[in-house]
Number of protein chains: 2
Amino acid sequence: MSTTGPAPQRRMRADARRNYERLLAAAATVFAEHGVDASLEDIARRAGVANGTLYGHFPTRQALLEALLRDRMDALTATARDLLDHPSPHEALVIWARAAMAHTTTYRGLVTALMRSIEDESSELHAACRAVLVGGEQLLTRAQAAGTVREDATAADLYAMINAVAWAGEQTTPAQGERLLTFSIDGLHPSRSR
Amino acid sequence: MSTTGPAPQRRMRADARRNYERLLAAAATVFAEHGVDASLEDIARRAGVANGTLYGHFPTRQALLEALLRDRMDALTATARDLLDHPSPHEALVIWARAAMAHTTTYRGLVTALMRSIEDESSELHAACRAVLVGGEQLLTRAQAAGTVREDATAADLYAMINAVAWAGEQTTPAQGERLLTFSIDGLHPSRSR
DNA sequence: ACCTGAACACCGTTCAAGT
DNA sequence: ACCTGAACACCGTTCAAGT
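Residues numbered from 1 in each chain as written. Chains lettered and ligands numbered in written order. Predicted model: local features only at pLDDT ≥ 70, side-chain atom pairs only at ≥ 80, totals over all residues. Heavy atoms only, no water.

An unreviewed UniProt entry annotates chain A as TetR/AcrR family transcriptional regulator of Nonomuraea recticatena.

Right, here's the structure in full:
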């Protein structure tokens, strides 16, 4: 599905492939510990490869993030598709929003990268973010058709809203993020759109 | 009012005072251009002083920010007080929220610093942020008493909400931030609290 | 009392030289 | 085809030496 980026090609030299995998594993560890703005040098060190090897495989930090998150982001998009079968359009949207928020807080600083990438077409994360946004759009449209979400809300609004509350939760406490999510979802209700 | 930090003391040596002012002016320029994570070295350079002089006056980046923003943050707090006389408690809250959002987007990256500082008591910005939060709290309580805002919303919610939408606007477009602010304020309405 | 500028440790990115 | 590691430019922070 993802047409982006250098996937771990079958036609990779054995040592190259091994380094690729090691770099991804190291990145997962280091990002988990220090957030997505962690030192790339540290990642290369922990992977046991030279500095330049990292750049050979991942020309930018976002390329590395894309490879690391690809599966998870595809899964989130797939979840949106699946939730179109949920009996309650509104509940489906809320469930998905929570899942999206959880994904977004996988690593510290990730939410900022995901938010930037939605409007930056040159980002390696752009395509995956677009797919997520479109997934959310379908759930949003369905809820609007059911009359539980105001008509003037757009997919971009939904995407920005989820990321904004996730960011707030990251900066303060997860509980605070949860509270804002509740308020925001309530704010999508048609009763107050004027 | 602000008991924090090394204000530009009267009892400062003339050259020290001059350097202090130059550093603040340079910081304003550099932050405006590159955001609040800009190079401190650049600021010192532009102020025409040595690296260590900056640290002498402002031991941390947040100390520099605090000195630079003190007046504006005091003004925002004062505005909250003034708006307690506004005939419409709800409109007063909305007006203030917009003013707070505008302040928060003065420099790129500022919103993150302000959000972090509210829970970090060691931050030089903490006291000013607390004062702003308390200012907002009064407007919030008044709106709640008037029945236009849900009872379960707290001052921390309001603070986080304003910063979250400001952040979203910074990452995408100001118009997107405006849209989220509208939705968020609507989400504060009692009609949907359950 | 304050300023200077070198020193240290760290980082992102590039690229010639290797295998 | 890929890896290495040095090179370059940049940065935050500290501190001995000056005035």
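Next comes the rest of the account.
Engineer: Even after reading the chapter, I still don't get the protein's contact with DNA strand D, so can you show me in this structure?
Structural biologist: For DNA strand D, the set of nearby residues contains 19 residues, the closest of which are A:Arg13, A:Asn19, A:Thr53, B:Leu40 and B:Tyr55. When the atoms of DNA strand D within 4 Å of the protein are sorted by group, sugar and phosphate make up 66%. Interatomic distance of 3.2 Å between a side-chain N/O atom of A:His57 and a phosphate oxygen of DNA strand D. Interatomic distance of 3.1 Å between a backbone N/O atom of B:Glu41 and a phosphate oxygen of DNA strand D. Of all the secondary structure elements, the ones that give two or more residues to the surface near DNA strand D are helix H1 (14–34) and helix H3 (51–57) of chain A together with helix H2 (40–47) and helix H3 (51–57) of chain B. Residues that form the surface near DNA strand D fall into these classes: 7 nonpolar, 7 polar and 5 charged. (Near = heavy atom within 4 Å. Polar contact = N/O pair within 3.5 Å; in protein donor to acceptor, adjacent residues only side chain to side chain. Helix = DSSP H or I, 4+ residues; strand = E, 2+ residues; numbered from the N terminus. Nonpolar A, V, L, I, M, F, W, Y, C, P; charged D, E, K, R; others polar.)

Engineer: What am I meant to see in the UniProt feature "DNA-binding region" (unreviewed entry) in chain A here?
Structural biologist: In this structure's numbering, the residues bearing the UniProt feature "DNA-binding region" (unreviewed entry) are residues 39–58 of chain A. A helix fraction of 75% and a strand fraction of 0% characterise residues 39–58 of chain A, whose end C-alpha atoms lie 14 Å from each other. (UniProt positions renumbered as here; feature names shortened; annotations may be inferred.)

Engineer: I tried to follow the pattern of salt bridges on my own but got confused; where do I start?
Structural biologist: A pair can form between side chains of opposite charge whenever their charged atoms are brought close. All names here are of chain B. Across all of its chains, the model carries 22 salt bridges over all chains by this definition. The partner of Glu33 in a salt bridge is Arg46, with the nearest N and O atoms 3.8 Å apart. In this pair, Glu33 sits in helix H1 (residues 14–34) while Arg46 sits in helix H2, placing the two residues 13 residues apart along the sequence. Note on Glu33: relative accessible area 46%, which makes it partly exposed. Across the salt bridge formed by Arg98 and Glu178, the nearest N and O atoms sit 2.6 Å from each other. Within this pair, whereas Arg98 is found in helix H5 (residues 89–104), its partner Glu178 is found in helix H9 (residues 174–187), the two being separated by 80 residues in sequence. You can call Glu178 partly exposed: its relative accessible area is 36%. (Salt bridge = Lys/Arg side-chain N within 4 Å of Asp/Glu carboxyl O. Buried < 20%, exposed > 50% of the residue type's maximum accessible area, 1.4 Å probe, protein only.)

Engineer: Quick question: what am I supposed to make of the protein's contact with DNA strand C here?
Structural biologist: DNA strand C sits among 19 residues. The nearest are A:Tyr55, A:Arg61, B:Arg13, B:Asn19 and B:Thr53. Atoms of DNA strand C within 4 Å of the protein: sugar and phosphate make up 66%, bases the balance. At 3.5 Å from a phosphate oxygen of DNA strand C is found a side-chain nitrogen or oxygen belonging to A:Ser39. Within the side chain of A:Asn51, one N or O atom sits 3.2 Å away from a base oxygen of DNA strand C.

Engineer: What is the right way to look at the nonpolar core in this model?
Structural biologist: Most often, soluble globular proteins keep nonpolar side chains buried together rather than apart. With 132 residues, the main nonpolar core has A:Phe31, A:Ile43, A:Trp96, B:Phe31, B:Ile43 and B:Trp96 as its most contacted residues. Excluding its chain neighbours within four sequence positions, the residues that come into contact with A:Phe31 are A:Val36, A:Ala38, A:Ile43, A:Arg61, A:Leu64, A:Leu65, A:Leu68 and A:Tyr107. (Core = buried A, V, L, I, M, F, W, Y, C linked by side-chain atoms within 4.5 Å. Contact = heavy atoms within 4.5 Å.)

Engineer: Explain the interface of chain A and chain B here, please?
Structural biologist: The partner chain B presents 32 residues to the 32 residues of chain A that form the contact. Counting each side, the surface lost to burial between chain A and chain B is near 2,800 Å², with a carbon and sulfur contribution of 59%. Counting every contact that joins chain A to chain B gives 4 salt bridges. Between A:Asp186 and B:Arg150 there is a salt bridge whose closest N-O contact spans 2.9 Å. At the boundary of chain A with chain B, the tally comes to 10 residue pairs in polar contact (both at pLDDT 80 or more). Those elements that provide at least two residues to the side of chain A that touches chain B are helix H6 (110–117), helix H8 (155–171) and helix H9 (174–187) of chain A. When residues in the side of chain A that touches chain B are grouped by element, the largest group, 9 residues, is from H8(A). (Buried area = accessible area lost by both parts, 1.4 Å probe.)

Engineer: Please clarify how the relation of the copies chain A and chain B should be interpreted in this entry.
Structural biologist: One copy of the chain maps onto the second through a rotation around an axis plus a translation along that axis. Between the two copies, chain A and chain B, the superposition gives an RMSD of 0.0 Å; the rotation angle is 180° and the shift along the axis is 0.0 Å. These values place the two chain copies in the arrangement generated by a two-fold rotation axis. Residue A:Gly187 of chain A places its C-alpha closer to the rotation axis than any other residue of that unit, at 1.7 Å. Of all interface residues in chain A, 97% are interface residues in chain B too; the two copies therefore contact each other through one and the same surface. (Least-squares fit on C-alpha atoms with pLDDT ≥ 70 in both.)

Engineer: In this structure, what is going on with the UniProt feature "domain: HTH tetR-type" (unreviewed entry) in chain A? I would like to understand it.
Structural biologist: Under the feature "domain: HTH tetR-type" (unreviewed entry), the UniProt entry names residues 17–76 of chain A. For residues 17–76 of chain A, the helix share is 82%, the strand share is 0%, and the end-to-end C-alpha distance is 27 Å.

Engineer: I keep staring at H5(B) and nothing clicks. Help me out?
Structural biologist: Counted at 1.5 Å a residue, the expected span for H5(B) with its 16 residues is 22 Å, and the 22 Å between its end C-alpha atoms agrees. Structurally, H5(B) contributes buried residues whose contacts are with helix H4 (61–82), helix H6 (110–117), helix H7 (126–145), helix H8 (155–171) and H9 of chain B. (Expected span 1.5 Å × (residues − 1).)

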